[in-house]
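Structure at a glance
Chain by chain, the residues:
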Amino acid sequence: MSKKPNILIVYTGGTIGMIKDYKTNALKAFDFSQITENIPELEQLQCTIKSISFEDPIDSSNMNTSFYKDIAETIEVNYKAYDGFVVLTGSDTMSYISSAISFMIDNLQKPIIFTGSQLPIGDLRTDAKENLITSIEIACSQKDNKPIISEVCLYFEYKLYRANRTTKINAEQFEAFTSMNYPPLAESGVHLNFNEYYIHKPSTEKKELVVRKELVNDIVILKLFPGITEKVVHSILNVDNLKGVILETYGAGNALNTPWFLKLLKEAVSRDIKIVNVSQCPGGSVMQGHYETSIGLKDLGIISGKDITTESAVAKLMYLLKENLSLKDFTFYFEKSLRGEISDG
Ligand code: ASP
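A brief look at the structure comes next. All figures in this text were calculated on a predicted structure; none of them were measured in a lab. (Residues numbered from 1 in each chain as written. Predicted model: local features only at pLDDT ≥ 70, side-chain atom pairs only at ≥ 80, totals over all residues. Heavy atoms only, no water.)

1. Digging into the packing of helix H5 (residues 230-237) against helix H6 (residues 259-270)
Running from N to C, H5 and H6 cross one another at 5 degrees; their axes reach a closest spacing of 10 Å. Relative to H6, the element H5 is oriented roughly parallel. Between H5 and H6, the contacting residues are Glu-230, Val-233, His-234 and Leu-237 on the first element and Trp-260, Phe-261, Leu-264, Leu-265 and Ala-268 on the second. Its residues placed into classes, the contact of H5 with H6 shows seven nonpolar, one polar and one charged. (Axes fitted to C-alpha atoms, helices over the stretch in contact; angles between N-to-C directions. Helix = DSSP H or I, 4+ residues; strand = E, 2+ residues; numbered from the N terminus. Parallel < 35°, antiparallel > 145°, perpendicular 65-115°, else oblique. Contact = heavy atoms within 4.5 Å. Nonpolar A, V, L, I, M, F, W, Y, C, P; charged D, E, K, R; others polar.)

Shown next as C-alpha coordinates:
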(Lines give C-alpha, C1' and ligand atoms only; values in the text may rest on other atoms or scores of the structure.)
Protein backbone atom coordinates (compact mmCIF):
# COMPACT_ATOMS: atom_id res chain seq x y z
CA MET A 1 0.00 0.00 0.00
CA SER A 2 1.30 3.47 -0.81
CA LYS A 3 2.08 5.78 2.08
CA LYS A 4 -0.34 8.42 3.33
CA PRO A 5 0.24 11.86 1.75
CA ASN A 6 1.94 14.43 3.94
CA ILE A 7 0.22 17.81 3.96
CA LEU A 8 1.69 21.05 5.24
CA ILE A 9 -0.63 23.84 6.41
CA VAL A 10 0.96 27.28 6.21
CA TYR A 11 -0.91 29.85 8.28
CA THR A 12 -0.11 33.46 7.40
CA GLY A 13 -3.03 35.16 9.15
CA GLY A 14 -6.61 36.16 8.44
CA THR A 15 -9.94 35.42 10.06
CA ILE A 16 -9.69 31.66 9.66
CA GLY A 17 -7.03 31.41 12.35
CA MET A 18 -8.98 33.23 15.02
CA ILE A 19 -10.91 31.86 17.96
CA LYS A 20 -12.94 33.74 20.48
CA ASP A 21 -11.74 33.93 24.03
CA TYR A 22 -15.09 33.36 25.73
CA LYS A 23 -14.01 35.22 28.85
CA THR A 24 -12.96 38.43 27.11
CA ASN A 25 -14.95 38.03 23.88
CA ALA A 26 -11.84 39.05 21.94
CA LEU A 27 -10.53 37.20 18.88
CA LYS A 28 -7.13 35.60 19.33
CA ALA A 29 -4.87 33.53 17.09
CA PHE A 30 -5.64 29.81 16.88
CA ASP A 31 -2.75 27.44 17.61
CA PHE A 32 -2.37 25.44 14.39
CA SER A 33 0.08 23.04 15.98
CA GLN A 34 -2.96 21.69 17.87
CA ILE A 35 -5.02 21.43 14.70
CA THR A 36 -6.06 17.80 14.92
CA GLU A 37 -6.96 18.17 18.60
CA ASN A 38 -9.15 21.15 17.74
CA ILE A 39 -10.67 19.66 14.59
CA PRO A 40 -10.89 15.92 15.30
CA GLU A 41 -12.68 15.39 11.96
CA LEU A 42 -9.24 15.72 10.34
CA GLU A 43 -8.33 12.30 11.76
CA GLN A 44 -10.69 10.79 9.21
CA LEU A 45 -8.61 12.07 6.30
CA GLN A 46 -6.12 9.65 4.84
CA CYS A 47 -3.14 11.93 5.31
CA THR A 48 -0.60 13.21 7.81
CA ILE A 49 -0.94 16.89 8.66
CA LYS A 50 1.70 19.28 9.94
CA SER A 51 1.47 23.03 10.23
CA ILE A 52 3.64 26.12 10.27
CA SER A 53 2.44 29.55 11.37
CA PHE A 54 3.97 32.86 10.46
CA GLU A 55 5.52 34.39 13.55
CA ASP A 56 3.25 37.43 13.38
CA PRO A 57 0.08 36.44 11.52
CA ILE A 58 -1.33 39.36 9.54
CA ASP A 59 -4.60 40.62 8.17
CA SER A 60 -4.26 40.09 4.44
CA SER A 61 -4.76 43.82 3.86
CA ASN A 62 -1.17 44.16 5.11
CA MET A 63 0.20 41.69 2.55
CA ASN A 64 3.08 42.78 0.35
CA THR A 65 5.72 41.26 -1.90
CA SER A 66 8.00 40.52 1.02
CA PHE A 67 5.31 38.25 2.56
CA TYR A 68 4.84 36.64 -0.88
CA LYS A 69 8.52 35.80 -0.73
CA ASP A 70 8.10 34.26 2.74
CA ILE A 71 5.22 32.08 1.51
CA ALA A 72 7.15 30.99 -1.60
CA GLU A 73 10.23 30.23 0.48
CA THR A 74 8.25 28.17 3.01
CA ILE A 75 6.92 26.04 0.17
CA GLU A 76 10.34 25.77 -1.47
CA VAL A 77 12.06 24.64 1.75
CA ASN A 78 9.37 22.03 2.46
CA TYR A 79 8.65 21.00 -1.12
CA LYS A 80 10.40 17.63 -1.07
CA ALA A 81 9.09 16.61 2.35
CA TYR A 82 5.39 17.19 1.61
CA ASP A 83 2.91 16.00 -0.99
CA GLY A 84 0.67 19.04 -0.83
CA PHE A 85 0.30 22.47 0.73
CA VAL A 86 -2.67 24.33 2.16
CA VAL A 87 -1.96 28.03 2.59
CA LEU A 88 -4.24 30.00 4.89
CA THR A 89 -4.53 33.74 4.34
CA GLY A 90 -7.20 36.35 4.86
CA SER A 91 -9.69 36.38 2.04
CA ASP A 92 -9.44 40.10 1.28
CA THR A 93 -6.30 39.85 -0.84
CA MET A 94 -6.21 36.08 -1.31
CA SER A 95 -6.69 36.37 -5.09
CA TYR A 96 -3.71 38.73 -5.36
CA ILE A 97 -1.49 36.59 -3.11
CA SER A 98 -2.34 33.26 -4.69
CA SER A 99 -2.00 34.69 -8.22
CA ALA A 100 1.48 35.96 -7.34
CA ILE A 101 2.50 32.58 -5.91
CA SER A 102 1.29 30.91 -9.11
CA PHE A 103 3.77 32.99 -11.14
CA MET A 104 6.62 32.80 -8.64
CA ILE A 105 6.64 28.98 -8.58
CA ASP A 106 7.46 27.22 -11.83
CA ASN A 107 7.42 23.48 -12.66
CA LEU A 108 5.01 22.78 -9.83
CA GLN A 109 4.09 19.10 -9.55
CA LYS A 110 2.13 19.26 -6.27
CA PRO A 111 -1.03 21.00 -5.07
CA ILE A 112 -0.92 24.40 -3.38
CA ILE A 113 -4.42 25.20 -2.11
CA PHE A 114 -5.21 28.64 -0.70
CA THR A 115 -8.15 28.97 1.61
CA GLY A 116 -9.52 31.07 4.44
CA SER A 117 -12.94 31.89 5.80
CA GLN A 118 -15.47 34.61 6.41
CA LEU A 119 -15.97 33.60 10.06
CA PRO A 120 -13.31 32.60 12.61
CA ILE A 121 -12.66 28.90 13.07
CA GLY A 122 -14.14 28.90 16.57
CA ASP A 123 -17.48 30.49 15.60
CA LEU A 124 -20.59 28.38 15.79
CA ARG A 125 -21.62 28.99 12.17
CA THR A 126 -18.09 29.11 10.81
CA ASP A 127 -17.26 28.33 7.20
CA ALA A 128 -13.64 27.74 8.25
CA LYS A 129 -13.92 24.04 9.05
CA GLU A 130 -15.45 23.05 5.73
CA ASN A 131 -13.01 25.20 3.78
CA LEU A 132 -10.04 23.79 5.66
CA ILE A 133 -11.11 20.14 5.71
CA THR A 134 -11.99 20.06 2.00
CA SER A 135 -8.81 21.95 1.05
CA ILE A 136 -6.77 19.31 2.86
CA GLU A 137 -8.80 16.55 1.23
CA ILE A 138 -8.10 18.09 -2.19
CA ALA A 139 -4.41 18.52 -1.39
CA CYS A 140 -4.13 14.82 -0.60
CA SER A 141 -6.30 13.55 -3.46
CA GLN A 142 -4.31 11.28 -5.74
CA LYS A 143 -4.93 9.17 -8.80
CA ASP A 144 -2.45 6.48 -9.88
CA ASN A 145 -0.19 7.64 -7.03
CA LYS A 146 0.03 11.15 -8.46
CA PRO A 147 -1.66 14.28 -7.09
CA ILE A 148 -4.84 15.19 -8.97
CA ILE A 149 -4.00 18.87 -8.58
CA SER A 150 -0.56 20.21 -9.44
CA GLU A 151 -1.25 23.93 -9.62
CA VAL A 152 -2.02 26.87 -7.33
CA CYS A 153 -5.72 26.86 -6.44
CA LEU A 154 -8.16 28.66 -4.21
CA TYR A 155 -10.88 26.72 -2.39
CA PHE A 156 -13.86 28.49 -0.87
CA GLU A 157 -17.45 27.47 -0.17
CA TYR A 158 -17.60 24.17 -2.03
CA LYS A 159 -15.64 25.27 -5.09
CA LEU A 160 -12.05 24.83 -6.12
CA TYR A 161 -10.79 27.44 -8.57
CA ARG A 162 -7.56 28.08 -10.42
CA ALA A 163 -6.22 30.78 -8.08
CA ASN A 164 -5.08 33.21 -10.75
CA ARG A 165 -8.60 33.27 -12.22
CA THR A 166 -10.34 34.36 -9.03
CA THR A 167 -11.75 37.60 -7.63
CA LYS A 168 -13.27 38.28 -4.23
CA ILE A 169 -16.81 39.44 -4.89
CA ASN A 170 -18.60 39.29 -1.56
CA ALA A 171 -17.76 40.51 1.93
CA GLU A 172 -20.91 39.09 3.49
CA GLN A 173 -21.79 35.73 2.00
CA PHE A 174 -19.77 32.57 2.43
CA GLU A 175 -19.52 32.34 -1.35
CA ALA A 176 -16.91 35.09 -1.39
CA PHE A 177 -15.06 34.27 -4.63
CA THR A 178 -15.81 33.78 -8.26
CA SER A 179 -13.93 32.87 -11.40
CA MET A 180 -15.87 34.39 -14.25
CA ASN A 181 -13.62 33.34 -17.11
CA TYR A 182 -12.65 29.81 -16.10
CA PRO A 183 -14.79 26.99 -14.69
CA PRO A 184 -14.25 25.54 -11.20
CA LEU A 185 -11.68 22.73 -11.08
CA ALA A 186 -13.67 20.82 -8.49
CA GLU A 187 -17.00 21.04 -6.70
CA SER A 188 -17.73 19.59 -3.33
CA GLY A 189 -21.20 18.28 -2.56
CA VAL A 190 -22.15 14.77 -1.51
CA HIS A 191 -19.05 13.83 -3.50
CA LEU A 192 -15.90 15.73 -4.28
CA ASN A 193 -16.03 15.96 -8.07
CA PHE A 194 -12.97 17.03 -10.04
CA ASN A 195 -13.52 18.62 -13.45
CA GLU A 196 -10.51 16.85 -14.89
CA TYR A 197 -10.75 18.46 -18.31
CA TYR A 198 -10.00 21.91 -16.85
CA ILE A 199 -7.26 20.86 -14.44
CA HIS A 200 -3.68 21.65 -15.44
CA LYS A 201 -1.76 18.56 -16.57
CA PRO A 202 1.84 18.72 -15.36
CA SER A 203 4.65 18.00 -17.74
CA THR A 204 5.68 14.34 -17.79
CA GLU A 205 9.33 15.46 -17.82
CA LYS A 206 10.73 15.76 -14.29
CA LYS A 207 11.77 19.40 -14.06
CA GLU A 208 13.29 21.04 -10.99
CA LEU A 209 11.08 23.38 -9.03
CA VAL A 210 12.00 27.01 -9.78
CA VAL A 211 11.03 29.71 -7.28
CA ARG A 212 11.47 33.32 -8.41
CA LYS A 213 11.30 35.54 -5.39
CA GLU A 214 12.01 38.96 -6.81
CA LEU A 215 9.07 41.00 -8.02
CA VAL A 216 8.85 44.59 -9.23
CA ASN A 217 6.20 46.60 -7.43
CA ASP A 218 6.63 49.99 -9.10
CA ILE A 219 3.28 49.61 -10.75
CA VAL A 220 -0.14 51.23 -10.60
CA ILE A 221 -3.76 50.40 -11.42
CA LEU A 222 -5.31 53.25 -13.40
CA LYS A 223 -9.07 52.74 -13.39
CA LEU A 224 -10.87 54.84 -15.99
CA PHE A 225 -14.17 56.55 -15.28
CA PRO A 226 -16.18 59.03 -17.34
CA GLY A 227 -14.85 62.47 -16.48
CA ILE A 228 -11.29 61.46 -15.59
CA THR A 229 -9.05 64.47 -16.09
CA GLU A 230 -5.80 65.04 -17.95
CA LYS A 231 -4.22 66.30 -14.72
CA VAL A 232 -4.93 63.03 -12.90
CA VAL A 233 -3.78 60.75 -15.73
CA HIS A 234 -0.67 62.89 -16.23
CA SER A 235 0.34 62.69 -12.58
CA ILE A 236 -0.25 58.92 -12.36
CA LEU A 237 1.75 58.15 -15.48
CA ASN A 238 4.59 60.33 -14.23
CA VAL A 239 5.01 58.69 -10.84
CA ASP A 240 8.71 58.42 -10.07
CA ASN A 241 10.26 55.15 -11.28
CA LEU A 242 6.95 53.79 -12.59
CA LYS A 243 7.51 50.57 -14.55
CA GLY A 244 4.07 49.19 -15.28
CA VAL A 245 0.40 50.17 -15.47
CA ILE A 246 -2.78 48.14 -15.40
CA LEU A 247 -5.15 50.30 -17.41
CA GLU A 248 -8.65 49.30 -16.32
CA THR A 249 -10.80 50.03 -19.32
CA TYR A 250 -14.48 49.64 -20.17
CA GLY A 251 -16.20 46.62 -21.70
CA ALA A 252 -14.08 44.85 -24.30
CA GLY A 253 -11.06 47.07 -23.57
CA ASN A 254 -12.35 50.47 -24.66
CA ALA A 255 -11.05 53.81 -23.45
CA LEU A 256 -11.55 57.49 -24.23
CA ASN A 257 -9.86 58.30 -27.51
CA THR A 258 -9.34 62.01 -26.90
CA PRO A 259 -5.94 63.30 -28.13
CA TRP A 260 -4.62 64.28 -24.64
CA PHE A 261 -5.23 60.78 -23.30
CA LEU A 262 -3.59 58.99 -26.23
CA LYS A 263 -0.66 61.43 -26.10
CA LEU A 264 -0.05 60.70 -22.38
CA LEU A 265 -0.12 56.94 -23.04
CA LYS A 266 2.25 57.33 -25.98
CA GLU A 267 4.72 59.29 -23.88
CA ALA A 268 4.55 56.68 -21.11
CA VAL A 269 5.20 53.82 -23.58
CA SER A 270 8.18 55.77 -24.98
CA ARG A 271 9.58 55.91 -21.41
CA ASP A 272 9.46 52.07 -21.41
CA ILE A 273 6.46 51.87 -19.08
CA LYS A 274 4.55 48.68 -19.87
CA ILE A 275 0.81 49.33 -20.03
CA VAL A 276 -1.66 46.45 -19.91
CA ASN A 277 -5.29 46.82 -20.93
CA VAL A 278 -7.56 44.95 -18.49
CA SER A 279 -11.34 45.25 -18.58
CA GLN A 280 -13.35 46.54 -15.63
CA CYS A 281 -15.89 43.82 -16.48
CA PRO A 282 -15.26 40.71 -14.39
CA GLY A 283 -16.41 38.49 -17.26
CA GLY A 284 -15.38 38.51 -20.93
CA SER A 285 -12.25 39.64 -22.69
CA VAL A 286 -10.38 42.69 -23.96
CA MET A 287 -10.45 42.78 -27.77
CA GLN A 288 -8.27 45.70 -28.83
CA GLY A 289 -9.37 46.99 -32.21
CA HIS A 290 -12.90 45.62 -31.95
CA TYR A 291 -14.25 49.13 -31.38
CA GLU A 292 -12.85 52.40 -32.69
CA THR A 293 -12.20 53.37 -29.04
CA SER A 294 -9.57 50.69 -28.68
CA ILE A 295 -7.81 50.75 -32.07
CA GLY A 296 -5.65 53.65 -30.88
CA LEU A 297 -4.50 51.68 -27.82
CA LYS A 298 -3.21 48.78 -29.87
CA ASP A 299 -1.31 51.13 -32.20
CA LEU A 300 0.40 52.76 -29.20
CA GLY A 301 1.84 49.47 -27.96
CA ILE A 302 -0.67 48.87 -25.20
CA ILE A 303 -0.65 45.20 -24.24
CA SER A 304 -3.90 43.23 -24.24
CA GLY A 305 -4.76 41.60 -20.93
CA LYS A 306 -7.40 39.54 -22.77
CA ASP A 307 -9.56 37.83 -20.11
CA ILE A 308 -7.12 38.13 -17.19
CA THR A 309 -8.36 39.40 -13.82
CA THR A 310 -6.92 42.60 -12.39
CA GLU A 311 -5.50 40.60 -9.46
CA SER A 312 -3.68 38.25 -11.77
CA ALA A 313 -2.55 41.08 -14.06
CA VAL A 314 -0.95 42.82 -11.06
CA ALA A 315 0.92 39.61 -10.20
CA LYS A 316 1.96 38.90 -13.79
CA LEU A 317 3.16 42.47 -14.29
CA MET A 318 5.23 42.33 -11.07
CA TYR A 319 6.68 39.01 -12.19
CA LEU A 320 7.45 39.81 -15.85
CA LEU A 321 8.88 43.28 -15.16
CA LYS A 322 11.74 41.60 -13.32
CA GLU A 323 12.81 39.97 -16.60
CA ASN A 324 13.75 43.30 -18.28
CA LEU A 325 12.12 42.37 -21.58
CA SER A 326 11.73 44.52 -24.70
CA LEU A 327 8.17 45.72 -25.36
CA LYS A 328 7.83 43.08 -28.09
CA ASP A 329 8.89 40.18 -25.85
CA PHE A 330 6.99 41.53 -22.86
CA THR A 331 3.83 41.72 -24.99
CA PHE A 332 4.40 38.18 -26.25
CA TYR A 333 4.70 36.73 -22.75
CA PHE A 334 1.96 38.83 -21.21
CA GLU A 335 -0.58 37.91 -23.89
CA LYS A 336 0.27 34.21 -23.61
CA SER A 337 -0.87 31.84 -20.87
CA LEU A 338 2.02 31.12 -18.49
CA ARG A 339 0.06 29.48 -15.63
CA GLY A 340 -3.40 29.14 -17.14
CA GLU A 341 -4.25 32.72 -16.13
CA ILE A 342 -5.31 33.86 -19.58
CA SER A 343 -7.19 32.16 -22.42
CA ASP A 344 -4.87 31.64 -25.39
CA GLY A 345 -6.16 32.47 -28.85
N1 ASP B 1 -9.62 41.15 6.78
C2 ASP B 1 -9.45 39.72 6.78
C3 ASP B 1 -8.21 39.41 5.96
O4 ASP B 1 -8.23 39.47 4.77
C5 ASP B 1 -10.64 39.04 6.23
C6 ASP B 1 -10.49 37.55 6.10
O7 ASP B 1 -9.69 36.93 6.76
O8 ASP B 1 -11.21 36.94 5.32
O9 ASP B 1 -7.19 39.12 6.55
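2. A word on the nonpolar core
Of all hydrophobic cores here, the largest spans 52 residues; its most connected members are Ile-71, Ile-101, Ile-112, Phe-114 and Phe-334. With eight residues, the single largest contributor to this core is helix H8 (residues 310-321). Discounting residues that sit within four places of it in the chain, Phe-114 has contacts with Ile-71, Val-87, Thr-89, Met-94, Ile-97, Ser-98, Ile-101, Val-152, Cys-153, Leu-154 and Tyr-155. In terms of nonpolar packing, the next biggest core, distinct from the first, is built from 33 residues, Ile-7, Leu-42, Ile-121 and Ile-136 among them. (Core = buried A, V, L, I, M, F, W, Y, C linked by side-chain atoms within 4.5 Å. Buried < 20%, exposed > 50% of the residue type's maximum accessible area, 1.4 Å probe, protein only.)

3. Section: the site of the ligand
Around the ligand, the neighbouring residues are Gly-14, Thr-15, Asp-59, Ser-60, Gly-90, Ser-91, Asp-92 and Ser-117. Here a nitrogen atom of the ligand sits 2.9 Å away from a polar atom, N or O, in the side chain of Asp-59. Interatomic distance of 2.8 Å between a side-chain N/O atom of Asp-92 and a nitrogen atom of the ligand. Computed on the free molecule, the ligand has an accessible area of 270 Å², of which 88% lies beneath the protein chains in the complex. Of the residues in the shell around the ligand, the class split is no nonpolar, six polar and two charged. (Near = heavy atom within 4 Å. Polar contact = N/O pair within 3.5 Å; in protein donor to acceptor, adjacent residues only side chain to side chain. Areas by Shrake-Rupley, 256 points an atom, 1.4 Å probe, with all protein chains shown as cover.)

4. A look at the pairing of strand E18 (residues 244-249)
Counting buried positions along E18 yields six of six residues, so the element is predominantly enclosed. Along E18, one buried face is formed by Gly-244, Ile-246 and Glu-248 and the opposite face, lined by Val-245, Leu-247 and Thr-249, is buried too. Since strand E17 (residues 219-223) and E18 lie parallel, the crossover through H5 that links them has a hand, and here it is right-handed. Where E18 meets strand E19 (residues 274-279), six bridges bridge the pair, whose relative direction is parallel. Paired with Leu-247 across the bridge in E19 is Asn-277. Handedness of the crossover joining E18 and E19 through H6: right-handed. (Right-handed = clockwise from strand over helix to strand, strands pointing away. Pairing = 2+ DSSP bridges.)

5. Quick word on the packing of helix H2 (residues 65-78) against helix H3 (residues 94-104)
Between H2 and H3, the least distance of the axes is 10 Å, while the angle of their chain directions is 55 degrees. What the angle tells us is that H2 and H3 run oblique. H2 and H3 meet at a crossing whose hand is right-handed. Taking contact as the criterion, the partners of Tyr-68, Lys-69, Ile-71 and Ala-72 in H2 are, on H3, Tyr-96, Ile-97, Ala-100, Ile-101 and Met-104. When its residues are assigned to classes, the contact of H2 with H3 shows eight nonpolar, no polar and one charged. (Left-handed = near helix turned anticlockwise from the far one by under 90°.)

6. What to know about the sheet that holds E17
The parallel open sheet is built from four strands, whose spatial order is E17-E18-E19-E20. Edge positions in the sheet fall to E17 and strand E20 (303-304), since each has one partner strand and no second. For E19 and E20, the ladder comprises two bridges, and the chain directions are parallel. The partner of Val-276 across the bridge, within E20, is Ile-303. Packed on one face of the sheet, H8 meets E17, E18 and E19 and runs near 160 degrees to E18.

7. Observations concerning the pattern of salt bridges
Where side chains of opposite charge bring their charged atoms close, a pairing between them can arise. In this structure the tally under the stated criterion is 15 salt bridges. For Lys-213, the salt bridge identified is with Glu-76, shortest N-O distance 2.7 Å. With Lys-213 in the loop between strand E16 (210-211) and E17 and Glu-76 in helix H2, this pair connects stretches of sequence that are 137 residues apart. Between Asp-92 and Lys-168 there is a salt bridge, with its nearest N and O atoms 2.7 Å apart. Highlighted residues: Asp-92 in the loop between strand E5 (84-88) and H3 and Lys-168 in strand E12 (residues 167-168), separated in sequence by 76 residues. Each of the salt bridges in this network shares a partner with another, and the network as a whole consists of Glu-73, Glu-76 and Lys-213. (Salt bridge = Lys/Arg side-chain N within 4 Å of Asp/Glu carboxyl O.)

8. Here's the deal with the state of the cysteines
Taken as a whole and judged by the stated rule, the model has zero disulfides. Left unpaired, Cys-47 is separated from the closest cysteine sulfur, that of Cys-140, by 3.7 Å. The closest cysteine sulfur to the non-disulfide-bonded Cys-153 is located on Cys-140, 14 Å from its own sulfur. (Disulfide = S-S within 2.5 Å.)

9. Some thoughts on unusual backbone geometry
The backbone of Asn-107 sits at a positive phi, close to 60 degrees, despite the residue not being glycine. Relative to the elements of secondary structure, Asn-107 occurs in the loop between strand E6 (105-106) and strand E7 (112-115). For Lys-306, which is not glycine, the phi dihedral falls at a positive 45 degrees. Checked against the element boundaries, Lys-306 lands in the loop between E20 and H8.

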